[in-house]
Amino acid sequence: WRIVLLNGGVKLAATEGKCLDTLKQLESNGVSILVCGTCLNFFNLLEAKQAIADLIHAGARANDRKDLDGMRACYWPDAITWHGGYKGPSAGFIDYAVPIIERCLQAAHHVSNVLIEVQGDRALAESHYFAHHRRPAASGAGEEDAFFEGRYIDVLERREGEWRIVLRRGIS
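Let us look at the structure shown here. (Residues numbered from 1 in each chain as written. Predicted model: local features only at pLDDT ≥ 70, side-chain atom pairs only at ≥ 80, totals over all residues. Heavy atoms only, no water.)

Considering the overall build of the chain
Turning to step 1, where the next piece is worked out: In terms of regular secondary structure, the chain is built from six helices and eight strands.
Turning to step 2, where the next piece is worked out: Counting only C-alpha atoms, the chain reaches 65 × 35 × 25 Å along its principal axes.
Turning to step 3, where the next piece is worked out: In the chain, which comprises 172 residues, the share counted as buried stands at 37%.
Turning to step 4, where the next piece is worked out: Within the chain, residue pairs in contact and separated by at least 24 positions form 53% of the contacts whose partners lie at least 6 positions apart.
Turning to step 5, where the next piece is worked out: As displayed, the chain has an accessible area near 10,100 Å², and 54% of this comes from carbon and sulfur atoms.
Turning to step 6, where the next piece is worked out: Within the chain, the 22 negative side-chain charges are centred at a point lying 2 Å from the centre of the 20 positive side-chain charges. (Helix = DSSP H or I, 4+ residues; strand = E, 2+ residues; numbered from the N terminus. Buried < 20%, exposed > 50% of the residue type's maximum accessible area, 1.4 Å probe, protein only. Contact = heavy atoms within 4.5 Å. Areas by Shrake-Rupley, 256 points an atom, 1.4 Å probe, with all protein chains shown as cover. Lys, Arg positive; Asp, Glu negative; His and termini not counted. Charge placed at Lys NZ, Arg CZ, Asp CG, Glu CD.)

As for helix 4 (residues 45-64)
Turning to step 1, where the next piece is worked out: Here helix 4 spans 29 Å end to end across 20 residues, near enough to the 28 Å set by a 1.5 Å rise per residue.
Turning to step 2, where the next piece is worked out: Buried within helix 4 we find Leu45, Ala48, Ile52, Ala53, Leu55, Ile56, Gly59, Ala60, Ala62 and Asn63.
Turning to step 3, where the next piece is worked out: Trailing helix 4 by a residue or two, Lys66 shows a phi angle of about 55°, which is positive. (Expected span 1.5 Å × (residues − 1).)

Topic: the pairing of strand 3 (residues 75-83)
For a regular strand, side chains alternate in direction, first toward one face of the sheet and then toward the other.
Turning to step 1, where the next piece is worked out: Where strand 3 and strand 8 (residues 162-171) come together, five bridges link them in parallel fashion. Considered in strand 8, the bridge of Ile80 is made with Leu167.
Turning to step 2, where the next piece is worked out: Judged from the four bridges that link them, strand 3 and strand 4 (residues 86-89) form a sheet pairing that is antiparallel. Paired with Thr81 across the strands is Gly88, a residue of strand 4. (Pairing = 2+ DSSP bridges.)

Regarding the packing of aromatic side chains
Turning to step 1, where the next piece is worked out: Taken as a whole, this structure holds five aromatic pairs when the rule is applied.
Turning to step 2, where the next piece is worked out: Relative to Tyr96, the ring of Tyr86 has its centre 5.5 Å away and its plane inclined at 35°; by these criteria the two rings are tilted. Taken together, the residues span a long stretch of sequence, with Tyr86 in strand 4 and Tyr96 in helix 6 (residues 90-103) at a distance of ten residues.
Turning to step 3, where the next piece is worked out: Its relative accessible area of 14% is what places Tyr86 among the buried residues. (Phe/Tyr/Trp six-rings, centres within 6.5 Å; stacked < 30°, edge-to-face > 60°.)

Notes on the sheet that holds strand 7 (residues 143-159)
Turning to step 1, where the next piece is worked out: Strands sit in the order 4-3-8-7-6-5 across an open sheet of six strands; the sheet is mixed. Only two strands of the sheet have a single partner each, and these edge strands are strand 4 and strand 5 (106-119). This sheet shows a mean twist of 20° between the axes of neighbouring strands, independent of strand direction.
Turning to step 2, where the next piece is worked out: By the bridge criterion, 15 bridges tie strand 6 (residues 122-136) to strand 7 in an arrangement that is antiparallel. Of the residues in strand 7, the one forming a bridge with Leu124 is Val155.
Turning to step 3, where the next piece is worked out: Here helix 4 sits on the sheet and contacts strand 5, strand 6, strand 7 and strand 8; the angle it forms with strand 5, its principal contact strand, is near 160°.
Turning to step 4, where the next piece is worked out: Sheet contacts for helix 6: strand 3, strand 4 and strand 6; angle to strand 4, the most-contacted strand, approximately 130°. (Axes fitted to C-alpha atoms, helices over the stretch in contact; angles between N-to-C directions.)

Here is the structure:
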């Protein structure tokens, strides 16, 4: 069997709800679900998802480059972050992270498996992160590598056409 979603029907596959759950169940039972890409573009669903994915990746890039302005640009001023030992305003998290990032001789932050659900001007994104920090050894002799991984759960909002994070929960 095959279900083809066209025109406004593509919204059934792009927003969370009972219908999407049913489509996922049908697909897991072998039903082919086809969604019209042109229709997704018409309703700006692909464009929103791409903008959000780009934002999440830009945050990782800003971490690697110790680009504090780039990190701040990923969050709305009223955003909240709960990650590691920090819970509070996202601007404060960036300040909290500066000494950690500054210690790094080299940093590589990778984000993958980005899943995004868009509902109007709000979205939920889940992604996997993996970070490698090359830093001076805690013993004071030589260098060491530290590895971190987990998931980001992000709530995002589009304001005046721009997507940014309003809530980030880092789960290690």
